[in-house]
Amino acid sequence: MTEHEHEHEHDSTDRADGAADVSTGTSTETGDAGAAIPELVIISGMSGAGRSTAAKCLEDLGWFVVDNLPPALIPTMVELGARSQGNVARIAVVVDVRGRRFFDNLRESLADLDAKGVTRRVVFLESSDDALVRRFESVRRPHPLQGDGRIVDGIAAERDLLRELRGDADLVIDTSSLNVHELRAKMDAQFAGDEEPELRATVMSFGFKYGLPVDADLVVDCRFLPNPHWVPELRPFTGLNEEVSAYVFDQPGAKEFLNQYTELLQLVAAGYRREGKRYVTIAVGCTGGKHRSVAMSEKLAARLATEGIETVLVHRDMGRE
């Protein structure tokens, strides 16, 4: 897929793109003749990060998508959905936050929804500055906030404006290295299905020398373990190899670390559930993302699965060397 096609799919006009919901389970009842309040997902994020692609994917999954809706009208949209006699059970609203007053309206709307007991989630589409610049340049469009400045100036202004919303997001997806199909696969993995699990986890191995994953909620550093890279017979292999994995977990502290970190994650997961957080990304790093982090991620993901946490395993940097 070309850069032009990638950007066009990710955010064809750099307008807010609309899309779908986070949970598919229960809906709350209003006092209005028992009308069910639709569940709500708000999709936002950086211009050019793929909001329109995410919107289209969720629309294909059956969500009622409203694109570019002013935040002040979100509670009204939910009320209309509640009057639809169940025809609109799940609503996704894409918002494009480009002004301070616009953001204040969104914050007020979210507070209003919380006061009414509306189940709502926020999905934030993120991407690196380099990736965003390439996408804008490939379609020869200015960034909506750059004014008379450069594209990077608009990106910086938007990051500053969205910082608080990103911090409150239930799910952050970094699209820097994703093509259209990979982004759709991520959305399908999170939103498809008839039942919403209590908590979904993504365990991602990575190499510190390639940079921290920007969508990580928790970061684990495995560089305290000896590196199989310096063992000639293990160097060509990855942490998926049984011999490499055995070498990693034969090192002092490796098994203890896995056991104790799994116990810590159980406490964290319980807190996330209480706070209504449904998604967590755990980044497990070593120097190159090839041996130690891969082996540890494999074991950690298996442990989480046995704890009843639906887990997706991703090896971000394996094979880059």
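To start, this report covers the structure provided alongside it. (Residues numbered from 1 in each chain as written. Predicted model: local features only at pLDDT ≥ 70, side-chain atom pairs only at ≥ 80, totals over all residues. Heavy atoms only, no water.)

The interhelical angle for the contact between helix α2 (residues 51–60) and helix α7 (residues 180–191), taken along N-to-C directions, is 45 degrees, at an axis separation of 9 Å. The orientation of α2 with respect to α7, classified from their angle, is oblique. Crossing of α2 against α7: the hand is right-handed. Between α2 and α7, the residues in contact are T53, A54, K56, C57, L58 and D60 and V180, L183, R184, M187, D188 and F191, respectively. Grouping the constituent residues of the contact of α2 with α7 by class yields seven nonpolar, one polar and four charged. (Axes fitted to C-alpha atoms, helices over the stretch in contact; angles between N-to-C directions. Helix = DSSP H or I, 4+ residues; strand = E, 2+ residues; numbered from the N terminus. Parallel < 35°, antiparallel > 145°, perpendicular 65-115°, else oblique. Left-handed = near helix turned anticlockwise from the far one by under 90°. Contact = heavy atoms within 4.5 Å. Nonpolar A, V, L, I, M, F, W, Y, C, P; charged D, E, K, R; others polar.)

Pairing of strand β4 (residues 64–67) with strand β5 (residues 90–94) involves four bridges; the strand directions are parallel. Residue V66 lies in a different strand from β5, and its bridge partner there is V93. Taking the sense of rotation as the criterion, the β-α-β connection linking β4, helix α3 (residues 74–82) and β5 turns out right-handed. (Pairing = 2+ DSSP bridges. Right-handed = clockwise from strand over helix to strand, strands pointing away.)

We now examine the sheet that holds strand β8 (residues 200–207). In spatial order, the strands read β9-β10-β8-β11; together these four strands make up an open sheet with parallel pairing. Whereas interior strands pair on both sides, the edge strands pair on one side only; in this sheet they are β9 (218–221) and β11 (310–315). If you compare each strand with its neighbour and ignore which way they point, the axes differ by 20 degrees on average. Bridge count between β8 and β11: six bridges; the pairing is parallel. Its bridge partner being in β11, A201 is matched across the sheet by T311. On the sheet, helix α9 (residues 254–274) packs against β9 and β10 (279–286) and is oriented at approximately 175 degrees with respect to β9. Packing against the sheet, helix α10 (residues 292–306) makes contact with β8, β10 and β11, and its axis sits at approximately 170 degrees to β8.

This model, assessed by the stated rule, comprises three aromatic pairs. Centroid distance F224 to F257: 5.2 Å. Interplanar angle 55 degrees. Geometry classified as tilted. Of the two residues, F224 sits in the loop between β9 and α8 (242–249) while F257 sits in helix α9, which places them 33 residues apart along the sequence. For the ring pair F257 and Y261, a centre distance of 5.7 Å and an interplane angle of 5 degrees mean the geometry is stacked. Here the residue F257 and the residue Y261 both occupy positions in helix α9, the gap between them amounting to four residues, near one helical turn. By relative accessible area, F257 is classed as partly exposed at 24%. With a relative accessible area of 13%, Y261 lands in the buried category. (Phe/Tyr/Trp six-rings, centres within 6.5 Å; stacked < 30°, edge-to-face > 60°. Buried < 20%, exposed > 50% of the residue type's maximum accessible area, 1.4 Å probe, protein only.)

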